[in-house]
Amino acid sequence: MSWIYVFFSTINLGFITDKFLKLKNQNFVIYSVLGLFTTTIFTSIWAIFGRINIEFHIVLFLSNLSIFINYQKEIRLLYQSFFDEILSLTNSLKIALAIITILILAQCASIPYILDNESYYIQTIKWINEYGFVKGLANLHFFLAQTSGWHILQSAYNFSFLYDKFNDISGFCLLLGTIFSITKLNEYLKNKNLNCLIIGLFPLANLFFFQFISSPSPDIPIYVFSFLIFFYFLENFKTLETEKFTLIVILVLFCLFIKTTSIALVLIPILLFFIHFKKLVSEIHKSALPGTLILVLFVIKNTIISGHPLFPIINFHFLELEYRIPETIAQLYYQETKLYGYFLTYEQYTKMSFYELFIRWISLPKLHGLFNKLSLILILLCPIFIYKYLHKKAIWSLYFIMCLQLLLLFYTSPQYRFFMNFVLFFSFFMMALFINQKRIILLLLYFSLFITGFILLIPINLNDFTNNKFVLTISNFSVKNVVFPYKNTKSNTVFEYIQDGNLHFYSPVENNFFWSTGDGKLPCVNKDQIEYFDYYYHVKPQMRTADLKDGFYAKKTSKE
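Residues numbered from 1 in each chain as written. Predicted model: local features only at pLDDT ≥ 70, side-chain atom pairs only at ≥ 80, totals over all residues. Heavy atoms only, no water.

S.K.: Just checking my understanding: could you explain the overall build of the chain for this structure?
M.R.: Scanning the chain from terminus to terminus reveals 23 helices and 4 strands. Here the chain has a C-alpha radius of gyration of 23 Å; the compact-globule value for 560 residues is 24 Å, and the two agree. The C-alpha extent of the chain, read off along each of the three principal axes, is 75 × 60 × 55 Å. When each of the 560 residues of the chain is scored for burial, the buried share is 57%. In the chain, 70% of the contacts between residues at least 6 apart in sequence involve partners at least 24 apart. For the chain, the accessible surface area stands at approximately 24300 Å², while carbon and sulfur atoms represent 65% of it. Here the chain holds 44 positive side-chain charges and 33 negative ones, and the gap between their average locations is 9 Å. (Helix = DSSP H or I, 4+ residues; strand = E, 2+ residues; numbered from the N terminus. Rg over C-alpha atoms; globule rule 2.2 N^0.38 Å. Buried < 20%, exposed > 50% of the residue type's maximum accessible area, 1.4 Å probe, protein only. Contact = heavy atoms within 4.5 Å. Areas by Shrake-Rupley, 256 points an atom, 1.4 Å probe, with all protein chains shown as cover. Lys, Arg positive; Asp, Glu negative; His and termini not counted. Charge placed at Lys NZ, Arg CZ, Asp CG, Glu CD.)

S.K.: Whenever I open this one, the nonpolar core confuses me. Can you help?
M.R.: Soluble, globular proteins show a tendency: their nonpolar side chains are buried together. Grouped together as the largest cluster of nonpolar side chains are 185 residues, with contacts concentrated most on Tyr157, Phe225, Ile268, Phe425 and Phe426. Residue contacts for Tyr157: discarding those within four places in its chain leaves Tyr5, Val6, Ser9, Thr10, Leu13, Leu36, Thr39, Leu60, Phe166 and Ile169. (Core = buried A, V, L, I, M, F, W, Y, C linked by side-chain atoms within 4.5 Å.)

S.K.: Whenever I open this one, unusual backbone geometry confuses me. Can you help?
M.R.: If a residue is not glycine, its phi is most likely negative; likewise, a peptide bond is most likely trans. Cis geometry marks the peptide bond from Leu522 to Pro523, where omega comes out at -10°. Within the secondary structure, Pro523 is located in the loop between strand 2 (503–508) and helix 23 (527–537). Positioned with a positive phi, Lys24 is a non-glycine residue whose angle comes to about 55°. Turning to its location among the elements, Lys24 is positioned in the loop between helix 1 (2–21) and helix 2 (28–49). The residue Phe343 is not glycine, and still its phi comes out positive at about 55°. Inspection of the secondary structure puts Phe343 in the loop between helix 16 (327–340) and helix 17 (346–351). The exposure class of Phe343 is partly exposed, given its relative accessible area of 37%.

S.K.: Hey, could you run me through a nonpolar patch on the surface in this one?
M.R.: There is a patch of nonpolar side chains on the surface, built from Ile263, Leu267, Ile270, Phe274, Phe354, Leu404, Leu407, Leu408 and Tyr411 and spanning about 830 Å² of accessible area. Where the nonpolar patch is concerned, the elements lending two or more residues are helix 13 (267–275) and helix 20 (393–411). Relative to the helices and strands, Phe354 resides in helix 18 (residues 354–362). (Patch = residues over 30% accessible without salt bridge, like charges linked within 9 Å, V, L, I, M, F, W, Y side chains within 5 Å. Salt bridge = Lys/Arg side-chain N within 4 Å of Asp/Glu carboxyl O.)

S.K.: Can you walk me through the packing of helix 7 (residues 149–156) against helix 12 (residues 242–258) in this structure?
M.R.: Packing of helix 7 against helix 12 leaves a shortest axis separation of 6 Å and a crossing angle of 90°. As far as their axial angle goes, helix 12 and helix 7 are roughly perpendicular. Residues Gly149, Trp150, Ile152 and Leu153 of helix 7 pack against Phe254, Phe257 and Ile258 of helix 12. Across the contact of helix 7 with helix 12, the residue classes break down as 6 nonpolar, 1 polar and no charged. (Axes fitted to C-alpha atoms, helices over the stretch in contact; angles between N-to-C directions. Parallel < 35°, antiparallel > 145°, perpendicular 65-115°, else oblique. Nonpolar A, V, L, I, M, F, W, Y, C, P; charged D, E, K, R; others polar.)

S.K.: Quick question: what am I supposed to make of the side chain of His276 here?
M.R.: Positionally, His276 belongs in the loop between helix 13 and helix 14 (277–280). Here the side chain of His276 touches Phe237 through a polar contact of 2.7 Å, landing on its backbone oxygen. Those residues in contact with His276 that sit more than four places away from it in its chain are Asn236, Phe237, Lys238, Thr239 and Leu240. (Polar contact = N/O pair within 3.5 Å; in protein donor to acceptor, adjacent residues only side chain to side chain.)

S.K.: Mind showing me how you'd approach the environment of Lys490 here?
M.R.: Along the chain, the position of Lys490 falls in the loop between helix 22 (438–457) and strand 1 (495–500). For Lys490, a relative accessible area of 25% translates into the label partly exposed. Measuring from C-alpha to C-alpha, the distance between Lys490 and Asn117 comes to 9.0 Å, with 373 residues separating the pair along the chain. A distance of 2.9 Å separates a polar side-chain atom of Lys490 from the backbone oxygen of Tyr113.

S.K.: Explain the packing of aromatic side chains here, please?
M.R.: How two aromatic rings sit relative to each other is set out by the distance from centre to centre and by the angle between their planes. With the rule as written, the count across this model stands at 76 aromatic pairs. For the ring pair Phe231 and Tyr232, a centre distance of 5.4 Å and an interplane angle of 75° mean the geometry is edge-to-face. Here Phe231 and Tyr232 have matching classes, each one buried. Positioned above the aromatic ring of Tyr113, the side-chain terminus of Lys490 is 5.6 Å from the ring centre. (Phe/Tyr/Trp six-rings, centres within 6.5 Å; stacked < 30°, edge-to-face > 60°. Lys NZ or Arg CZ within 6 Å of the ring centre and 35° of its normal.)

S.K.: Please clarify how the packing of helix 2 against helix 12 should be interpreted in this entry.
M.R.: For any two helices packed against each other, one specifies the inter-axial angle together with the distance between the axes. Between helix 2 and helix 12, the shortest axis-to-axis distance is 11 Å and the interhelical angle comes to 50°. Taken as axis vectors, helix 2 and helix 12 run oblique relative to one another. Between helix 2 and helix 12 lies a crossing whose hand is left-handed. Touching Ile30, Val33, Leu34, Leu36, Phe37, Thr40 and Ser44 of helix 2 are Leu247, Ile250, Leu251, Phe254 and Phe257, all from helix 12. A per-class count over the contact of helix 2 with helix 12 returns 10 nonpolar, 2 polar and no charged. (Left-handed = near helix turned anticlockwise from the far one by under 90°.)

S.K.: What is the right way to read the pairing of strand 1 from this model?
M.R.: Every other side chain in a regular strand lies on the same face of the sheet, so the side chains alternate between the two faces. When strand 1 meets strand 2, the two strands line up antiparallel, connected through 6 bridges. Residue pairing in the sheet places Asp500 in a bridge with Leu503 of strand 2. Counting the residues in the hairpin turn of strand 1 and strand 2 gives 2 residues, including Gly501, whose phi is positive at 65°. (Pairing = 2+ DSSP bridges.)

S.K.: In this structure, what is going on with the pattern of salt bridges? I would like to understand it.
M.R.: When charged atoms on two side chains of opposite charge get close, those side chains can pair. The full count for this structure, using the stated rule, is 14 salt bridges. We note a salt bridge from Glu243 to Lys24, for which the minimum N-O separation is 3.5 Å. Of the two residues, Glu243 is situated in helix 12 and Lys24 in the loop between helix 1 and helix 2; the sequence distance between them amounts to 219 residues. Lys184 is the partner of Glu187 in a salt bridge, and the nearest nitrogen-oxygen pair spans 3.1 Å. Highlighted residues: Glu187 and Lys184, both in helix 8 (residues 169–191), separated by 3 residues, approximately one helical turn.

By themselves, these figures tell us nothing about what the structure is for.
Right, dumping it as C-alpha cells:
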C-alpha cells in the first residue's frame, strides 16, 4: 500500500522534472527514478530547516495532488503506456515479473539483514524524521557523518508519523530496476540488441540483491542506477542528444549523493561531454543546474552534521565550527573504513607493501575473497572478449572506468560491494556473448527465481560464506509478515538510560556489537563507545544546549 503512494508521488514529481528540464523521456521507470531524485532534493532542502514529519508530508502530498490535477491527461497517458508495455511482454516474462515482484515484497517484509542497519541506518533516518539535519550529530556516533542521500529519501517515504515499520525504499528501487530490465529483455527477444540483453540479465543477481533490500542499503540504488547509466551510455555513445546527456548526468549525480564511493561514474558524463563537445556545450546549463544543486546540498549537509564540508575528505574546511568532529576521530573513521577492506589492524596495514596488500586482498576467505577473485578475473579476461566479439569504444570505456574504480577503492576501501556494479555488468556482458537463445535465457531466469525464493523461505546458515558472526543467518520471510512487515531492526535488546555530563542517552543492554544502536530512542549510542573515545582520544560528546535539535560537540577531557 505504501508503494502505491510512492509510485504515485514519484511519477508526478518525475513528470514535472522531465517537463522542467525538457528531457523528452518516454520510459515509465525513468519517470519514477527522476521522481526519487527530485524527492531527495526537496527533502534535503527541507531537512536543513526542520524535521521530515507530518508537516513535510502535507506539503509533499499537496504538491503531488496539484501536479496530477494540472497535468492529469498527460500523466494518465504515462500509466496507459506503461500498462501497454507490460501487456506486450511475452507470457513467460509477465509471469517472471509477477513472481519477482511478490518475492521483493516478501523480502522487504522480512527481518533486516545488513549489519549497518543496526549501527547507523535506523538512527540516521530517525534523526532526520524528528529533527532534520542536526549540528555536530557525528560527534555522538561518527557513523552518522555518512548520512546518505538514500537515507534522506527513506525519511521521506517511511511515513514515520503513521507507522514505524516502513524501511524498504531499496526494495522499491530494485522493483524499478527489475521492471526496466524485464522490458529490455523483451526488446532483445524482438530486436536482438545486445545492450538490451546485458541489462535484461539484471534479475539473475537477485539472490545477491535480496539481502540488501529489507533495509535502506545505499548499495542497491547504486547497482540499479549504474545499469541504467551503462545502458544509456552504450545506446547513445555515438549519437548523443542533449536530453539523454542530461539524464545520464542526473543519474550519476544521484549516485554520488547516495554514495561517494561511486565517484568513478563521473567519468561517464565527462567522457561523453568531450566526445560531443560541440553539440553539448550550448546546452550545458541544463546539467549544471542539478549539478550545482547537488554540490551545494552535499556541502551544507556535511557541514551541519560533521563540520567537514566534503566528508569523508577531512583535510579541507572553510569555517571554524565549534561542533566539527575532531580530526583524530575523523581520521579514525577513514582508517577503519580502509582497514575493513583488508581485515587488518592499523599496525599490520602500515607494515605491508603494496604487493602484500594485494595478495592479502585477493586471498581473503569466503565471499570477500570470491568476489575479489572474480573482479580480477574479469579485468584479465574482458579485454580478450571485448576485442574478439565487441570491439567498440563504448564498452572499452566502461572497462577502463571499472579498472580505475577498483584502483581507487584499493587505496580507500576495497570492499567488494563498492564495485559490484561493474562486476555484475561485465559478468552479464560475458554471459550475453554466449547465452543468447530465448529458451536458455528464460531457463536461467526461472532458475534464479527458484533459488531466490528457496533461500527466502528456507533458513540457511552462512558459515561457509562469511566469518561475520552477526550475519550468519539469511533474512527469511515469515507468514506472520504477510500483512504487517517485520520491525526495522533484527535486534531485540532493551536500552538503558544513561547520563554523562550534560548528555542523556540510551545504550543497548545486550552489548555484543560495539557500534550497535538499533532502534533505540534518541539520542542512542553504545556506552562502550563513549568510554572508548574518552579513554583513548580524550573526547566525549556533549549537548550544545538543553535541546537535542541544537546538536552536539566533542568536549575535550583529561586523563591522569
